[in-house]
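# Coordinate analysis (summary)
Here's the letter readout for the chains.
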Amino acid sequence: MKSAVETLNPTRVRLTVEVPFEELKDSLDAAYKKINQQVTVKGFRKGKIPARVIDQRFGRGAVLEEAVNDALPKFYTEAVNEAELNVLGQPEVDITELKDNETLNFTAEVDIRPAIEIPDYSGIEVEVDAVEVSDEDVEKAVEELRERFASTSPVERAAEDGDVVTIDLEAKVEGEVLEDGVASGVSYTIGSGELLEGIDDAVKGLEAGGEATFTSELKGGSAAGKEAEVTVKVTQVAARELPALDDDFAQLASEFDTLDEVKADSRKRLENMKQYDQATQAQERVLEKLLELVEVPVPEKLLADEIETRKHNLVNHQLGQMGLDLAKYLEIQGKTEEEFDAETKEQAEKGIKTQFVLDELVNKEKLNVNQEELTEHLMRRAQSSGMSPDQFAQAVVEGGQVPMLVGEVARGKALAVVVEAATVKDTNGEVVDLDDEEEAPAEGEQTEASDSAEDKAEEKTEA
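The structure presented is a predicted model; accordingly, all values stated were derived computationally and were not measured. Throughout, residues of each chain are indexed from 1 in the direction in which the sequence is written. Per-residue local features of the predicted model are confined to residues with pLDDT of at least 70, and side-chain atom pairs are confined, for both listing and counting, to 80 or more; whole-chain, interface and lining totals are unaffected and use all residues. For the side-chain quantities, the full set of heavy atoms in the structure was used; hydrogens and water were omitted.

For the rest of this paragraph, the subject is a nonpolar patch on the surface. A cluster of nonpolar side chains, contributed by Val93, Ile95 and Leu98, occupies part of the molecular surface with about 210 Å² of accessible area. Inspection of the secondary structure puts Ile95 in strand S3 (residues 87-99). Only residues whose relative accessible area exceeds 30% and that form no salt bridge enter a patch; like-charged residues are grouped when within 9 Å of one another, and nonpolar side chains (Val, Leu, Ile, Met, Phe, Trp, Tyr) when within 5 Å. Only the protein chains shown count as covering a residue, and every accessible area follows the Shrake-Rupley method with a 1.4 Å probe. Counted as salt bridges are all cases of a side-chain nitrogen of Lys or Arg within 4 Å of a carboxyl oxygen of Asp or Glu. The secondary structure listing takes helices from DSSP runs of H or I that are at least 4 residues long and strands from runs of E that are at least 2 residues long, numbered from the N terminus.

Written out as structure tokens, the structure reads:
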């Protein structure tokens, strides 16, 4: 077999392959054997039909077609390996010449990973938010904790903001009560915004036994997005009572003995959260700077497939679970379809470039992933997916996604190398030491084990 490579552009090549006919012998034998098992010829036992009879009865062309279909993947793979190509996706194959007992010639056009030069990244400088926790932040956190320990008691008066009302609901669309539009004994805190728009104004001022009717757009259910006439009846009004902010509350709501200890713990927790956010911000901004330094051509088909995957996942998974379609989503977001398409393309292109650059960094820095790192990453992914580690690990293995997880860990390590080499300062001009920060996910890293746009990109870009 002889092969040659023609570069069509930085991300696509054409392989020209010439195969001497004798190299098709194994595939021809397999073709005759396969046809033997599929056909019946009078006078011959099944599987014992001579090759010349098969040629006469079914045509030599059918045998050649079967043999070529069997042989092409092997010869294509040999040509790819010989040229040391890092291919993406499936090739477009064209048989240019097939002469019986002489030769098989074909071409294969395929996308490849572009060659990327990683420049010196040690000079990257970024600014991140300073870790600052104010007294107001602490007071707000303690107040939220206090809210969780609020109690309620029924009152005989009209409902007010902050009260908890027990209500019955009935929704009609075009005069018909919806099958899933009736609910009884619903507990609702006035002003929380957790139910329908307009319900707060409807129930305020009502006492137990009172009812009101209002119109609202339904957020979910069989008539999601439609205007409905909603009747709400209040069956109970209860006032919320907050516990006093003192040491007794501290002992009730925490493992601490005093309120001062609760506040100190809240401050520490807020600082930790802000430090994590700061580390994530540093990674994102360092990555943006790195991508600005590198020229990364993106294969057109890979980009088109990634855009389509992102749209599919948004429409069929995320929006579907919320009872929305794309048009309603765009209306809520205040975007045109053209703006949405442009944003999706930009995000898809950035995700592909990120993976290409970080993968090249993995190779350049000779980064490896050990079992402990992979296990820690698997645990984090399992937690974010809502599955147990054992369930998640089983799904990963059965789905053949172990290489994908290894790639995620390796890319995270590659980005960490760049962040470590960069200069990170906060808005106060202080140099930020990120050594002790917990690993934050790199932009573009998957957060679900399947049905995600990044998963599809991984499948297409895995060498």
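As a further point, take the UniProt feature "domain: PPIase FKBP-type" (unreviewed entry) in the protein. UniProt positions are given in the numbering used here, feature names are shortened, and annotations may be inferred rather than shown by experiment. Look at the UniProt record and you will see "domain: PPIase FKBP-type" (unreviewed entry) annotated at residues 162-215. Along residues 162-215 one finds 9% helix and 54% strand; the C-alpha atoms at either end are 22 Å apart.

Next up on the list: unusual backbone geometry. Look at Glu84: it is not a glycine, yet its phi comes out positive at around 55°. Relative to the helices and strands, Glu84 resides in the loop between helix H3 (60-83) and S3. Between buried and exposed lies partly exposed: a residue is buried under 20% and exposed over 50% of the maximum accessible area for its type, with that area taken using a 1.4 Å probe on protein chains only. According to the relative accessible area criterion, Glu84 is exposed, its value standing at 71%. Phi at Lys366 is positive, roughly 55°, even though this residue is not glycine. Relative to the helices and strands, Lys366 is located in the loop between helix H10 (337-364) and helix H11 (371-385). Judged by relative accessible area, which is 67%, Lys366 ranks as exposed.

Moving on, we come to the packing of aromatic side chains. A pair of Phe, Tyr and Trp rings is counted when the ring centres sit within 6.5 Å of each other, with Trp represented by its six-membered ring. The angle between the planes then sorts it: under 30 degrees is stacked, over 60 is edge-to-face, the rest tilted. Following the criterion strictly, the structure yields one aromatic pair and no others. Taken together, a centroid distance of 6.2 Å and an interplanar angle of 90° make the contact between Phe149 and Phe249 edge-to-face. One end of the pair, Phe149, is in the loop between helix H4 (135-148) and strand S6 (151-154); the other, Phe249, is in helix H6 (residues 247-253), with 100 residues separating them in the sequence. On the basis of relative accessible area, Phe149 is assigned to the partly exposed category, the value being 31%. The exposure class assigned to Phe249 is buried, which follows from its relative accessible area of 2%.

Taken together, the side chains of Asp246, Asp247, Asp248, Asp257, Asp260 and Glu261 present a region of like negative charge at the surface. Put simply, the parts of the chain that give the negative patch at least two residues each are H6 and helix H7 (259-293). With respect to the helices and strands, the residue Asp248 is situated in helix H6. Only four residue types enter the charge count: Lys and Arg as positive, Asp and Glu as negative, with His and the chain ends excluded. Note on charges: their place is set at NZ of Lys, CZ of Arg, CG of Asp or CD of Glu.

The next thing to look at is the sheet that holds strand S4 (residues 103-112). Reading across the sheet, the four strands line up as S1-S2-S4-S3 and stay open at both edges, with antiparallel pairing between neighbours. The strands lining the two open edges of the sheet, one partner per strand, are strand S1 (2-9) and S3. The average undirected angle you get between the axes of adjacent strands in this sheet is 20°. Between any two strands, pairing holds if DSSP finds at least two bridges. Bridge analysis of S3 against S4 gives nine bridges, and the strand direction is antiparallel. Across the sheet, Leu98 pairs through a bridge with Leu104, a residue of S4. We call two residues contacting when some pair of their heavy atoms lies within 4.5 Å. For helices, the fitted line uses only the C-alpha atoms of the stretch in contact; every axis is such a line through C-alpha atoms, and the angle between N-to-C directions lies from 0 to 180 degrees. In the packing of H3 onto the sheet, the strands contacted are S1, strand S2 (12-20), S3 and S4, and the crossing angle to S3 comes to about 125°.

This brings us to the pattern of salt bridges. In the structure shown here, the tally under the stated rule is 29 salt bridges. Between Arg12 and Glu109 there is a salt bridge, with the nearest N and O atoms lying 3.4 Å from each other. Separated by 97 residues along the polypeptide, Arg12 in strand S2 and Glu109 in strand S4 bring together distant segments of the chain. Of the charged contacts in the structure, one is a salt bridge between Lys301 and Asp305, with a shortest N-O distance of 3.0 Å. With Lys301 and Asp305 both in helix H8 (residues 300-322) and four residues apart, this pair spans about one turn of that helix. Lys301 gets classed as partly exposed once you look at its relative accessible area, which sits at 48%.

Of note, Ser266 is situated in helix H7. We classify Ser266 as buried; its relative accessible area is 11%. Sequence-distant contacts of Ser266, defined by excluding residues within four places in its chain, comprise Val138, Ala141 and Val142.

Right, let's talk about the packing of H8 against H10 for a bit. Where H8 meets H10, the axes come as close as 9 Å, and the angle between the chain directions of the two elements is 120°. Taken together, the axes of H8 and H10 lie oblique to each other. Crossing hand, H8 versus H10: right-handed. Contacts between H8 and H10 pair Leu302, Leu303, Glu306, Ile307, Arg310, Lys311 and Leu314 from the former with Phe340, Asp341, Thr344, Lys345, Gln347, Ala348, Glu349, Gly351, Ile352 and Phe356 from the latter. Residue type decides the class: Asp, Glu, Lys and Arg count as charged, Ala, Val, Leu, Ile, Met, Phe, Trp, Tyr, Cys and Pro as nonpolar, and the leftover types, Gly among them, as polar. When grouped by side-chain class, the residues that make up the contact of H8 with H10 number eight nonpolar, three polar and six charged. Roughly parallel covers angles under 35 degrees, roughly antiparallel covers those over 145, roughly perpendicular covers 65 to 115, and oblique covers all other angles. It is the rotation of the near helix from the far one that decides the hand of a crossing: anticlockwise by less than a right angle makes it left-handed, clockwise makes it right-handed.

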